[in-house]
2 protein chains.
Amino acid sequence: MAEEHRLPLGFRAAGYACGIKSDPQKLDLALFVSERPCAAAGVFTQNEVVGAPVKVCRERLPRETARGVIINSGNANACTGQTGIDDAVWVTAQVAGQIDCAAEDVLVCSTGVIGHFLPLDKLEAGIPSAASALDDGNHAFLAAARAMMTTDTVPKQASRTIRIKQGEVTISGACKGAAMIAPNMATMLAVVMTDARMSPAALESALQQAVDRSFNCISVDQHTSTSDTVLLLANGASGIEVDGGSQEFQQALEEVCRELALQIIRDAEGAEHFVTIDVTGARNREEAARIARSVADSPLVKTAITGNDPNWGRIVSAAGYAGVPFAEEECSLTINGHAVYERGAPTGIEEGPVSAAMQTGDVSIGLVIGRGEGACRFWTCDLTAEYVRLNSEYTT
Amino acid sequence: MAEEHRLPLGFRAAGYACGIKSDPQKLDLALFVSERPCAAAGVFTQNEVVGAPVKVCRERLPRETARGVIINSGNANACTGQTGIDDAVWVTAQVAGQIDCAAEDVLVCSTGVIGHFLPLDKLEAGIPSAASALDDGNHAFLAAARAMMTTDTVPKQASRTIRIKQGEVTISGACKGAAMIAPNMATMLAVVMTDARMSPAALESALQQAVDRSFNCISVDQHTSTSDTVLLLANGASGIEVDGGSQEFQQALEEVCRELALQIIRDAEGAEHFVTIDVTGARNREEAARIARSVADSPLVKTAITGNDPNWGRIVSAAGYAGVPFAEEECSLTINGHAVYERGAPTGIEEGPVSAAMQTGDVSIGLVIGRGEGACRFWTCDLTAEYVRLNSEYTT
């Protein structure tokens, strides 16, 4: 059973099956709507090739008067040229007609097959039905989270309620993960909502910082999608004003984002191990992150983990080609707490107990660089034959 | 049957089984020796963590008086600290004693398990035996190529004889490829020899250019080894002087290097498809290469190819996250000659015939960026469940 998560005050959600996915029973349309105008900010894919919804959202954000987000799964509306952009704008206008606002106040995300135009007829019929199902209950929030899914096996939600000043503020989010079936495209989408009152500028900076330490610190297969999007909406319904300097809010926001990001790793296609990589002692955080990502994305490291093999040579050498200068004599490595490599030399540890610790399915890699104070925690999964099978099945 | 390749004039080779590998019948010691002093140059791994032999060779190259190369497989002598360096130097001295030169005139490469010290007793006994087997015949050259192998399934050799000025010059090389079994480390090693007479400086620049267009344009799994090394020796035994500007020599050298590099891709672990990626229309060669490498290293592109799936969305989006700016409206893509994406829009081609073309095992991807004249040809293979199986088997 999915844990119960509630929406922040003043938000409603809905999930609806409008027939974009081949199975007409499957939810494929999610709506998140605020009863009042929200501050809104977004963080988007760094890919040069971006889906039409990303182009539309980038133009509209940050803004002070957002009212809602529409997400469809089953079709990414990416690589669809000007028609795709026109379609995305049209979709937001349909939602705006239902909730009585300007089209520009509606944001849009799409995930699914690439290179196909959106089925506008199905959306035209489905959007009013989805709008009439909008509800502030936990069930509606869960339905919206389900409607975002592609090959995710579980819906992904997280929430925190914290006390700030004179009252309570809630932050809740839903996301979908990186799972792919040919010819579909992985996409990471998340919507995070809060009933705090914040300026768009404060919201944007809080979101960028939270994403840098959550969604930007995970990798399943290093393939940055055309449509990755994280949106944050703040409607102020709690009456609590949060300024950009609030540590409590920032921490809670980061926790929500991290919880969502880690759900993506735990649900990665074919994955059997959940891997945490801590790089410390780098000159700065950016260099630590570059090393962590290099380790996380090495197929040789990933397959060693699949086999519960404490193959430290693969880890150290993956760190070594990250493009960050360091001296191997200052480099040490632990696997699940066992020191396997210390200051450039093998410790000669028995591998059996290390391998046994890896068999739990949780692997933690601690890499010390010895150059400074920069640190980064990064999460990934292993690479299994099942991942290959799922992504090489010819389905067209 | 392996093709017959001959050594350039004045070179001898040997392959010997000295017992470093667990199977005592397997060749694990290769010698390449010139009867007279050679000009020598090398190109090495860019990894921050490098094997001891790389450190020793880097210090000795370029040089005018090299006499030979010793290569052992079965042990990488990497991550072995100062002891490893001392051992590598000792090995060159043992060879020098056999062929009557200074230790500094002998180069050394090692490939195999990482983090273990070389078995000096076995080398001490094996080196004299290998030296006494030195021969200028094709059989000895083939034995040396075999002795370099780790999990390669076939020995890899290439040669060209060209007419320059008043006579003939031969360029011949052998290499081993990127194939891994836990806990071993992939390593790409190549030795190329010529009987042309060249200065070390001209040799080094010719080698760097040839490697940039051959070994630096292949990737099996993006994991740069600690020990990658390409050595080029020129002993002048043909009597033909080649200066740095010789186009014929440069072209023949590139052909030998490319032929060796492509043998590595064809023998990559678990690979079922040989993939050629041509990126054209980039602003310069470096940007074209960056895009090509991003496509080659995407697990999603590789698994689509495994399934003969002409999944152009994965290819275009992998190009998009290479860190090279371009506009998708200027981007076009062909797969095995079929136009699947043109100036930012799908061509709507039937996928059946494209998939059928991919089933031949040879896949060619043509990506046009539309920004300039920069081009790069890059080679890779697919990612199969067999690759995962081979690299996740727990063998320690």
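Cut-offs and rules
Residues numbered from 1 in each chain as written. Chains lettered and ligands numbered in written order. Predicted model: local features only at pLDDT ≥ 70, side-chain atom pairs only at ≥ 80, totals over all residues. Heavy atoms only, no water. Helix = DSSP H or I, 4+ residues; strand = E, 2+ residues; numbered from the N terminus. Rg over C-alpha atoms; globule rule 2.2 N^0.38 Å. Buried < 20%, exposed > 50% of the residue type's maximum accessible area, 1.4 Å probe, protein only. Contact = heavy atoms within 4.5 Å. Areas by Shrake-Rupley, 256 points an atom, 1.4 Å probe, with all protein chains shown as cover. Lys, Arg positive; Asp, Glu negative; His and termini not counted. Charge placed at Lys NZ, Arg CZ, Asp CG, Glu CD. Pairing = 2+ DSSP bridges. Axes fitted to C-alpha atoms, helices over the stretch in contact; angles between N-to-C directions. Domains from an automatic or database assignment. Buried area = accessible area lost by both parts, 1.4 Å probe. Salt bridge = Lys/Arg side-chain N within 4 Å of Asp/Glu carboxyl O.

Student: Which parts of the structure should I look at to understand the overall build of chain A?
Tutor: For chain A, the count of helices and strands is 11 helices and 15 strands. Its C-alpha atoms give chain A a radius of gyration of 22 Å, within 12% of the compact-globule value 21 Å for 396 residues. Overall, the C-alpha framework of chain A stretches about 70 × 55 × 40 Å when taken along its three principal axes. By residue count, 63% of the 396 residues in chain A fall in the buried class. Nonlocal contacts in chain A, meaning residues at least 24 apart in sequence, comprise 80% of its contacts between residues at least 6 apart. If you sum the accessible surface of chain A, you get close to 13800 Å²; carbon and sulfur atoms cover 47% of it. In chain A, which carries 31 positive and 49 negative side-chain charges, the distance between the mean positions of the two groups comes to 2 Å.

Student: Would you explain the sheet that holds strand E11 (residues 332-335) of chain B in this entry?
Tutor: Strand-to-strand pairing in sheets goes through backbone hydrogen bonds, with the strands running parallel or antiparallel. Residue and element names in this part refer to chain B. Spatial strand order, E8-E15-E10-E14-E11-E12-E13: 7 strands in an open sheet with mixed pairing. At either margin of the open sheet sits one strand with a lone partner, and together these are strand E8 (218-219) and strand E13 (345-346). Two elements, strand E12 (residues 338-342) and E13, share 2 bridges in a ladder whose sense is antiparallel. Considered in E13, the bridge of Glu342 is made with Ala345. Its contacts with the sheet place helix H7 (residues 285-297) against E8, strand E10 (274-282), strand E14 (362-368) and strand E15 (374-381), and it is angled at close to 20° to E15. Strands in contact with helix H9 (residues 312-320) are E11, E12, E13 and E14; relative to E11, the strand with the most contacts, it is inclined by about 130°.

Student: Looking at this structure, I do not really get the domain arrangement of chain A. What am I missing?
Tutor: Accessible area lost during the coming together of the parts is what is often quoted as the interface size. Residue and element names in this part refer to chain A. Under the domain assignment, chain A is made up of domain 1 (11-266) and domain 2 (274-392). For domain 1 versus domain 2, the distance between C-alpha centres works out to 32 Å. With 16 residues of domain 1 at the contact, the number on the domain 2 side is 15 residues. In this assembly, domain 1 packs against domain 2 so that about 1400 Å² is buried in total across both faces, 54% of it on carbon and sulfur atoms. Counting the surface domain 1 buries against domain 2, the share from its top three residues, Cys217, Ser219 and Ile265, is 33%. If you look at where domain 1 meets domain 2, you find 1 salt bridge. For the salt bridge of Asp362 with Arg266, the shortest nitrogen-to-oxygen distance reads 3.9 Å.

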